[in-house]
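# Chain and residue survey
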Amino acid sequence: MSYNTSRTVRWIRFFIAIAIGMGLGLFYGWVINPIEFTDTAPSSLSIDYKADYVLMVAEAYQADRDLLRARERLAPLGGASPSQIVLQAILSAEPHYVERDLEIMRQLQSDLQAQEQGLESPGL
Amino acid sequence: MNEESRGSLYLLTGLVIGIALGLIYAWLINPLDYQNTSPRSLASEYKDRQRVLIALAYAADENLERARARLELLEDPDVYTILADQAQRALTDGSPPQEARALGLLSAALRGGAGPVILPTVPTFTPSPSPSPTPEPTLEASPAPPTEAVETPFPASTDAAVETDMPPAATEDAAAVENNPAPTSSSPYILDAREQICDTPLPRPIVEIQVLNAAGEPQPAVEVVITWDGGEEHFYTGLKPELGLGYADFTLQEGETYNLRLVGGAQIITGLTAVQCAELNGEPYWGAWRLTFVQP
């Protein structure tokens with residue numbers, strides 16, 4: 001084997017070693033020891049947890065009927081309007097939640113939407 | 001270095017470089033989806049909010065198992081203490097009172113298995129007499145309803161400036177008391193015992209409150225209102241579950257005179273001042289008032 005051929009083979013092996021190392025690194029970084037997020041906000045919760053968060057807000061609202069406070073409690077879930085947040089939660093929860101829970105979420109969503117529509121058209 | 005050794009080394013170098021690149025990509029460039037976190041990763045501020053919501057939801061649906069499951073998602077090391085501490089903070093940081101109450105109630109329910117608490121409502125007519133005086137009242141509940149309105153006894157006390165005031169409704173005569181319907185679980189609490197405690201020197205004088213239901217069981221989440229000249233404070237039983245679900249205490253200031261009542265109760269306990277005790281050699285130390293309320 002000529003010197004050049006041997007050198008090429010070595011480079012190829014070198015890059016194969018790098019590729020194998022990258023695979024090992026990715027496996028370790030994504031599967032074995034994925035990065036731990038701390039100090040996150042509710043907006044980053046998965047949709048299931050968001051739905052449960054909304055359900056808790058709806059339960060609290062059912063007890064105190066304080067729509068302003070319900071809005072404040074929903075605010076950390078993100079930038080969408082509160083009624084939109086609750087609607088998304090209802091849609092994701094519908095296949096899994098019992099009707100009673102869905103009902104109080106719908107009640108909250110309805111009240112929020114009514115208030116938002118009232119704010120958008122104060123003259124009506 | 002011979003050719004064979006060089007071969008192994010460059011492969012190892014490539015492997016190390018590859019692993020480093022892989023980790024940089026996995027941890028920094030494209031970490032796992034940031035948008036699907038769980039409640040345990042929430043910042044402490046949001047965990048506090050989450051606990052409040054869990055407690056309020058529990059207060060609304062009384063589903064303890066659901067509350068427990070939700071709390072487990074936060075992976076708190078000592079959930080009872082954290083809830084009780086948060087309830088204490090909620091009382092002082094301007095949070096709505098129902099949040100502190102809900103947190104205390106949930107903490108107590110988780111710790112003691114206390115069921116939903118039926119809190120006494122403010123009565124429209126409440127005779128609320130004090131129990132009949134007995135030579136040596138104890139901290140045990142006295143479920144037998146009293147038959148006449150008399151001053152609350154406090155035999156251990158040497159403080160002359162203490163007595164139990166009754167609101168106007170409580171001045172009804174004994175006949176009215178006897179005609180009162182049988183007590184229910186929502187009957188207001190009445191003072192059963194008022195004692196000065198000097199058994200242990202305390203760093204500050206305090207008033208201890210114990211609230212028991214008709215069955216003698218400690219009652220958490222009962223709101224206590226204490227007032228003094230120019231001030232008022234609200235607190236709840238059960239926020240120090242290690243001392244009992246029906247327990248609450250409040251630090252008294254020397255020279256100040258306090259009045260205390262339970263929300264929903266008609267009695268106002270007046271003349272609470274810092275209790276000063278004395279060792280045998282005359283050295284003074286702080287003691288406590290112990291007030292025990294029961295449901296008749």
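So, here's what we can say about the structure. Because the structure is a prediction, the values reported are computed rather than measured.

Rules of the game
Residues numbered from 1 in each chain as written. Chains lettered and ligands numbered in written order. Predicted model: local features only at pLDDT ≥ 70, side-chain atom pairs only at ≥ 80, totals over all residues. Heavy atoms only, no water. Helix = DSSP H or I, 4+ residues; strand = E, 2+ residues; numbered from the N terminus. Contact = heavy atoms within 4.5 Å. Areas by Shrake-Rupley, 256 points an atom, 1.4 Å probe, with all protein chains shown as cover. Buried < 20%, exposed > 50% of the residue type's maximum accessible area, 1.4 Å probe, protein only. Buried area = accessible area lost by both parts, 1.4 Å probe. Salt bridge = Lys/Arg side-chain N within 4 Å of Asp/Glu carboxyl O. Polar contact = N/O pair within 3.5 Å; in protein donor to acceptor, adjacent residues only side chain to side chain. Nonpolar A, V, L, I, M, F, W, Y, C, P; charged D, E, K, R; others polar. Patch = residues over 30% accessible without salt bridge, like charges linked within 9 Å, V, L, I, M, F, W, Y side chains within 5 Å. Core = buried A, V, L, I, M, F, W, Y, C linked by side-chain atoms within 4.5 Å.

### Here we look at the overall build of chain B
Helix and strand counts for chain B stand at six helices and ten strands. Within chain B, counting contacts between residues at least 6 apart in sequence, those at least 24 apart form 68% of the total. Summing over all exposed atoms, chain B offers an accessible surface of approximately 14400 Å²; the carbon and sulfur share of this is 53%.

### Remarks on the overall build of chain A
Along its length, chain A carries five helices and zero strands. Starting at the N terminus and walking to the C terminus, you meet the elements of chain A as α-α-α-α-α. Evaluated residue by residue, chain A yields a buried proportion of 38% over its 124 residues. Partitioning the contacts of chain A with sequence separation of at least 6, the portion at a separation of at least 24 is 59%. Carbon together with sulfur atoms contributes 59% to the accessible area of chain A, which is approximately 7000 Å² in total.

### Focus: the interface of chain A and chain B
With 45 residues of chain A at the interface, the matching set in chain B holds 44 residues. Between chain A and chain B lies a buried interface of about 3900 Å² when both sides are counted; carbon and sulfur atoms form 64% of it. Remark: the boundary between chain A and chain B carries five salt bridges. Residue Asp52(A) pairs with Arg70(B) through a salt bridge whose shortest N-O separation is 2.9 Å. Linking chain A with chain B are 17 residue pairs in polar contact (both at pLDDT 80 or more). In terms of residue count, the dominant contributor to the side of chain A that touches chain B is helix α1 (residues 3-32) of chain A (15 residues). Here the residues of the side of chain A that touches chain B are counted per class, giving 25 nonpolar, nine polar and eleven charged.

### Overview of a nonpolar patch on the surface
All names here are of chain B. Judged by side-chain polarity, Ile17, Leu21, Ile24, Tyr25, Leu28 and Ile29 come together as a nonpolar surface patch covering roughly 560 Å² of accessible area. Mapped onto the elements of the fold, isoleucine 29 is located in helix α1 (residues 3-29). According to the relative accessible area criterion, isoleucine 29 is exposed, its value standing at 58%.

### With respect to the nonpolar core
With 72 residues, the main nonpolar core has Leu74(A), Leu108(A), Leu106(B), Val207(B), Ile209(B), Leu260(B) and Phe293(B) as its most contacted residues. Ranked by residue count, the leading element in this core is helix α2 (residues 47-64) of chain A, at nine residues. For Val207(B), the contacting residues outside a window of four places in its chain are Ile226(B), Ala248(B), Asp249(B), Phe250(B), Leu252(B), Leu260(B), Leu272(B), Trp289(B) and Leu291(B).

### Examining the side chain of Arg194(B)
Locating Arg194(B) in the fold gives a position in strand β2 (residues 190-202). At 2.9 Å, the side chain of Arg194(B) forms a polar contact with the backbone oxygen of Thr270(B).

### Overview of the pattern of salt bridges
According to the stated counting rule, one finds 21 salt bridges over all chains in the structure shown. Residues Arg51(B) and Asp76(B) are paired through a salt bridge, measuring 2.9 Å at the closest nitrogen-oxygen approach. With Arg51(B) in helix α2 (residues 44-61) and Asp76(B) in the loop between α3 (64-74) and α4 (79-92), this residue pair connects regions lying 25 residues apart in the sequence. Accessibility classification places Arg51(B) together with Asp76(B) in one group, the buried group. Through salt bridges with shared partners, a single ionic network connects Asp52(A), Glu59(A), Arg100(A), Asp101(A), Asp61(B), Arg66(B) and Arg70(B).

### Details of unusual backbone geometry
For residues besides glycine, phi is generally negative; the peptide bonds are generally trans as well. Residues and elements named next belong to chain B. The phi dihedral of glutamate 62 is positive, around 55°, even though this residue is not glycine. Structurally, glutamate 62 can be placed in the loop between α2 and α3. Taking the relative accessible area as the measure of exposure, glutamate 62 reaches 47% and is therefore partly exposed. One non-glycine residue, glutamate 75, lies in the positive phi region at around 55°. Positionally, glutamate 75 belongs in the loop between α3 and α4.

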